[in-house]
Amino acid sequence: MLLFVGIILIALFSRAEKPICLPYGTQEVPQFSKDGDITIGAILSIYKDFIVVNPSFKVDPGHAKCESLNPRVLQIAQTMIFAAEEINNSSEILPDVSLGYKIYDSCRSLTLSIKIALELLNGHEKGFLYDQSCNKSSSVHAIIGQSSSTLAIGIAATVGRFHVPVLSHFATCACLSNRKEFPSFFRTIPSDYYQSRALAKLVKHFGWTWVGAIRSYNDYGNSGMATFVQAAQQEGICIEYSEAIYRTQPKEKLLKVVNIVKKSTAKVVVAFTADADLDILVKELLIQNVTGLQWVGSEAWIAERYLASNGGQKVLAGVIGFAIPNTEIPGLKEFILKARPSNAPGNSGLKEFWETTFSCNLTSQTNYSVNLCTGTESLEGISNQYTEISDMGILNNIYNAVYAFAYSLHNLYACKNGEGPFENQTCANKTKLEPWQVLHYMSRVNFTNRNGEHIYFDENGDPVARYAIINWQYNKEGITTFKIIGKYDASLPEGGQFEINNAKVVWPGDDNKVPRSVCSESCLPGTRKAIEKGKPVCCFVCIPCAEGEFSNTTDSIECSTCPLEYKSNEQRNQCILKNIEYLSYGELMGIILVTFSVFGACLTIIIANIFFKYRSTPIVRANNSELSFLLLFSLTLCFLCSLTFIGQPSDWSCMLRHTAFGITFVLCISCVLGKTIVVLMAFRATLPGNNIMKWFGPTQQRLSVLFFTLIQILICVLWLIMSPPFPNMNMKYYAERIILECDLGSAGAFWAVLGYIGFLSAICFVLAFFARKLPDNFNEAKFITFSMLIFCAVWITFIPAYISSPGKFTVAVEIFAILASSFGLLFCIFMPKCYVILLKPERNTKKYLMSKMPSKSL
């Protein structure tokens, strides 16, 4: 007997010397649990609020206490159980492995969520542990949770360093995609990175550029709204105000937000909030009758039916936003309705819901006025948030999360040594799974669920972003329904991701017209936006485009300059071709000039005919009939060459008008110069002993005319070869019209042509002036002097008039100079002779012409 006691004592003392591992503190009890070969943990917010207790630290504070049951989360817990049971009953996935679960309630408390996560890793073993290293595997191989981004961040940051996979069905914060911070986090709901940008595109789609922004004051709201603001700025959308709300904040702050919403000019409010936070705000807005605004919602609250009741539909009427696409999970509704409560520790999740629904008590009666529940009551016909399962979008997410874990384990168990992914192509030890091994398979899971949905995770642990666009509408019974009006699929190419049917949208007040929400009305075509100093870019004034500029789009940032050939119309919304101006035959000025030109040519021809008819008379013969006829011919060309200056300029007309003008006028002046020299030589020849006429006979006269003309021809040829005149559109002189003119090509050549004409004219004038007092009855030198005086006066005044005249008047001045000088020559030289020939034939005798009479001075 003593020996037996001694052996026991030795054993006890030997055990006491070894490390003892005990769980620390009060352990939380799961709401739902089931043992299995592999256990999956879950942390959900089955209750909305955590009861804060100020402990006296005199007794153990015990388990955390919560209040405000959330039936929707009970649905999520039952969906997880349904998926686990479905997998256990399947022969295709984990056929020889049973899947257990532990579902805890965290009451939306971050600290409690982290505490439960650590408990899930450590387990609940009681008593002594004799492992000397105090090491053991995690009691769960994956954790599902939470629905809140803030709570999910706490869990993922805590558990991630232990390489235990964390799967969330509703945490959307883009920050959770950071693999450095959250290496083991996965989710079956898209990241807000996509939703925030899609919301900006949705707002832009309806032309709203002036919006208010409400967010939850947590990681979900702050991160999502920050991304939305950035995307909105890229889309040209301005935020009038951005306010944060939280359900536990003082009412003064809430009232401040309500007051900002009331006073704002933005008619659209983008709410990136949790449903519980928005519920408090909506209630206060309803009290203050703040309705008629267009709300744009995120997936966190857009499909929450309780928000559309109790007057919330008045505030949020016509709301539009993104929701998780609805789907059908066969058998889920029946499973939820057949669930029964239990009093067993670790499975009491339905207890309070059951007692509240059926107004009974599952434990022994302490109050005889309350019936005792049998636990077999039927949920059929009961209508509440738990039994309402028309929208399975979120439920499908947690359903997929359980299956993603199951398929990861299935792939792990199916591994064969020599083909494994680990060192030396080995597989995981199936009797002692390491969390990092499960994490490896989780990151590579790829399967298609029963509904044909393809499930996989990208390198950040995110699924493909797909959203349904829904709109709150009233049905015939006046009940708010969630109508799908479009979709968003981030897997599609840019430009095809967004799809919406505007015709299906119902706006606040059952209006079919899209509400407007802008800081400044759009600038119409013909104006541009000018930002007002100190205000957002969406607040601007519209400034008309300047002359020569246009804008043909609404809200143009700047006016575009019209091409040189165009000008802006009166509305400044398009460019029209400038009026092309040139001296045409059809306008009054052109008609007058053509008339005088043709008249001058005809008159010259008539005079030529008179001279030809009376060519044998003394007055014609005495005036060198050969030069006279050549002079009349050149004058005819002078009159006609003015016609080349009228009409639309072309390459040929530009080259012809200046060269023809220069050559014909030199021919004309050469003839006049020849006649003047003949007069002077003839007077000298009458002196005794002077035989000078033999040096200036008919041959010399012809050669002199030819020589003088050839010089001008040479100048014109060089002009045409080196830099000929060409048609040009002058757009510098007038902004509103184009002057179609002939560019000189070489201004030097042009002035050389004019200078040569002026040189011959000056010589002719000087010689004629010297011969003006010759003692003949008919002294031609006197008339030549007058003609050259007119000719020089015209062309001297032409130069400043030509330089200063604008547009087609430049051409008109040149034509006028040509006609005036031609008429001057014609009238001064030939009209006196015609007068004698036709009206004073008695003077047209050799005797009269040879009589010596002193000439009157000029």
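As recorded by an unreviewed UniProt entry, the protein carries the name Olfactory receptor C family, j1 and is attributed to Lepisosteus oculatus. Per UniProt, the protein has the following entry under Sequence similarities (unreviewed entry): "Belongs to the G-protein coupled receptor 3 family."

Q: Before we go on, may I ask you to explain the sheet that holds strand β18 (residues 466-474) in this structure?
A: Each strand in a sheet pairs with another by means of backbone hydrogen bonds, the pair being arranged parallel or else antiparallel. Spatially, β10-β9-β11-β12-β13-β18-β19-β20 is the arrangement adopted by the 8 strands of the open sheet, whose pairing is mixed. In the strand order of this sheet, the two ends are held by β10 (238-245) and β20 (498-500), each with one partner. When strand polarity is set aside, the average angle formed by the axes of neighbouring strands in this sheet is 25 degrees. Where strand β11 (residues 268-272) lies against strand β12 (residues 294-297), 4 bridges are found, and the strand directions are parallel. Bridge pairing links V270 to V296 in β12. Those strands touched by helix α6 (residues 219-234) are β9 (210-216), β10 and β11, and its axis lies near 160 degrees from that of β9. Those strands touched by helix α7 (residues 251-263) are β9 and β10, and its axis lies near 160 degrees from that of β10.

Q: Any chance you could explain the layout of surface pockets here in plain terms?
A: To find the voids left in a structure, one rolls a probe of water-molecule size over its atoms. Counted as a void, the largest pocket has a volume near 800 Å³. The wall of the largest pocket is formed by 38 residues, among which R108, S147, S148, A274 and D275 lie closest to the centre. No other element matches helix α2 (residues 71-88), which puts 4 residues into the lining of the largest pocket. Of the residues belonging to the lining of the largest pocket, the class tally is 17 nonpolar, 12 polar and 9 charged. For the lining of the largest pocket, the two domains that each supply at least three residues are domain 1 (32-53 + 60-189 + 330-361 + 390-456) and domain 2 (192-323 + 465-504).

Q: I'm lost on the sheet that holds strand β7 (residues 166-168) in this one. Help?
A: If you walk across this open sheet you meet the 6 strands as β1-β5-β2-β6-β7-β8, and the pairing is mixed. The outermost strands of the open sheet, each flanked by one partner alone, are β1 (32-34) and β8 (185-187). Relative to strand β5 (residues 99-105), strand β2 (residues 38-44) runs parallel, the two being bridged by 7 bridges. Bridging from a neighbouring strand, I38 pairs with L99 of β5. Strand contacts of α2: β1, β2, β5 and β6 (143-144), with the helix running at about 170 degrees to β5, the strand carrying the most contacts. Contacting β2, β5 and β6, helix α3 (residues 110-122) runs over the sheet at an angle of about 175 degrees to β2.

Q: How do you make sense of the packing of aromatic side chains when you look at a structure like this?
A: Here the distance between the centres and the angle between the planes together describe a pair of aromatic rings. Enumeration according to the criterion identifies 29 aromatic pairs in this entry. With centroids separated by 4.6 Å and ring planes inclined at 50 degrees, the aromatic side chains of F353 and Y386 adopt a geometry described as tilted. A residue pair is termed long-range when its members are at least 10 positions apart, and F353 in helix α11 (residues 351-358) and Y386 in the loop between β15 (371-372) and α12 (393-413) qualify at 33 residues. Using a relative accessible area of 0% as the deciding quantity, one classes Y386 as buried. Between Y407 and F447 the ring centres are 4.4 Å apart and the planes differ by 15 degrees, which places this aromatic pair in the stacked class.

The rules behind each value
Residues numbered from 1 in each chain as written. Predicted model: local features only at pLDDT ≥ 70, side-chain atom pairs only at ≥ 80, totals over all residues. Heavy atoms only, no water. UniProt positions renumbered as here; feature names shortened; annotations may be inferred. Pairing = 2+ DSSP bridges. Helix = DSSP H or I, 4+ residues; strand = E, 2+ residues; numbered from the N terminus. Axes fitted to C-alpha atoms, helices over the stretch in contact; angles between N-to-C directions. Contact = heavy atoms within 4.5 Å. 1 Å grid on protein atoms, 1.4 Å probe; cavity = no way out; pocket = protein on both sides within 12 Å on 5 of 7 lines; lining within 4 Å. Points joined across faces, edges and corners; volume = space filled by probe spheres on them. Nonpolar A, V, L, I, M, F, W, Y, C, P; charged D, E, K, R; others polar. Domains from an automatic or database assignment. Phe/Tyr/Trp six-rings, centres within 6.5 Å; stacked < 30°, edge-to-face > 60°. Buried < 20%, exposed > 50% of the residue type's maximum accessible area, 1.4 Å probe, protein only.

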